[in-house]
Amino acid sequence: QVQLVESGGGLVQAGGSLRVSCAASGRTFSSYGMAWFRQAPGKEREFVAGISRSGGRTGYADSVKGRFTISRDNAKNTVYLQMNSLKPEDTAIYYCAATDYMYSIRDVEYRYWGQGTQVTVSS
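The sections below set out a description of the structure shown in this document. None of these values were measured; they are calculated from a predicted model.

**Points about the nonpolar core**
As a rule of thumb, nonpolar side chains are buried together in soluble globular proteins. The biggest cluster of nonpolar side chains holds 30 residues, and the ones touching the most others in it are L4, M34, W36, L81, M83 and Y94. A35, F47, A97 and Y110 belong to the second-largest nonpolar core, a separate cluster that totals 6 residues.

Right under this line is the structure:
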């Protein structure tokens, strides 16, 4: 069993930056591929970024490529999402998720989910 707890969300102006974190407890954190998803009001949950167990491979949605950076610190059992040049359309609840396999853009591949953290970008 893995527990995931997100933090760091908040309100930021367009063009600003924010870093959200996801702390994991339970089984060995480095055993899991990790990802960030988001869900805006009235929309389906979507993949934002993923990172391999070692952190050596990452992937991003086209909508955030070049603006967001996912990273992990296995010693601290934490995965991060650095968000720069934020846009109002980035407003959503951001969730971290863990999979027993390589990260995937498909949310059904993930067994563990955090409770989410709200990110609001004002124009």
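Don't stop here, the text continues.
**Some words on the sheet that holds strand 7 (residues 68–73)**
Reading across the sheet, the 4 strands line up as 1-3-8-7 and stay open at both edges, with antiparallel pairing between neighbours. The open sheet terminates on both sides in strands that have one partner only, identified here as strand 1 (2–7) and strand 7. Here the strands of the sheet are splayed against their neighbours by 15° on average, with no regard to which way each runs. In terms of strand pairing, strand 7 meets strand 8 (residues 78–83) through 6 bridges, oriented antiparallel. Residue pairing in the sheet places F68 in a bridge with M83 of strand 8.

**Thoughts on the pattern of salt bridges**
As enumerated under the stated definition, the model contains 7 salt bridges in all. Notably, a salt bridge pairs D62 with K65, separated by 3.2 Å at the nearest N-O pair. We note that D62, like K65, is exposed. Residue D90 pairs with R67 through a salt bridge whose shortest N-O separation is 2.8 Å. In this pair, D90 is assigned in the loop between strand 8 and strand 9 (92–99) and R67 in the loop between strand 6 (58–60) and strand 7, connecting sequence segments 23 residues apart. The burial state of D90 is the same as that of R67; both residues are buried. Members of the salt-bridge network, linked through shared partners, are R38, E46, R67 and D90.

Definitions and cut-offs
- Residues numbered from 1 in each chain as written.
- Predicted model: local features only at pLDDT ≥ 70, side-chain atom pairs only at ≥ 80, totals over all residues.
- Heavy atoms only, no water.
- Core = buried A, V, L, I, M, F, W, Y, C linked by side-chain atoms within 4.5 Å.
- Buried < 20%, exposed > 50% of the residue type's maximum accessible area, 1.4 Å probe, protein only.
- Pairing = 2+ DSSP bridges.
- Helix = DSSP H or I, 4+ residues; strand = E, 2+ residues; numbered from the N terminus.
- Axes fitted to C-alpha atoms, helices over the stretch in contact; angles between N-to-C directions.
- Salt bridge = Lys/Arg side-chain N within 4 Å of Asp/Glu carboxyl O.

These results come straight from atomic positions and should not be treated as a statement about function.
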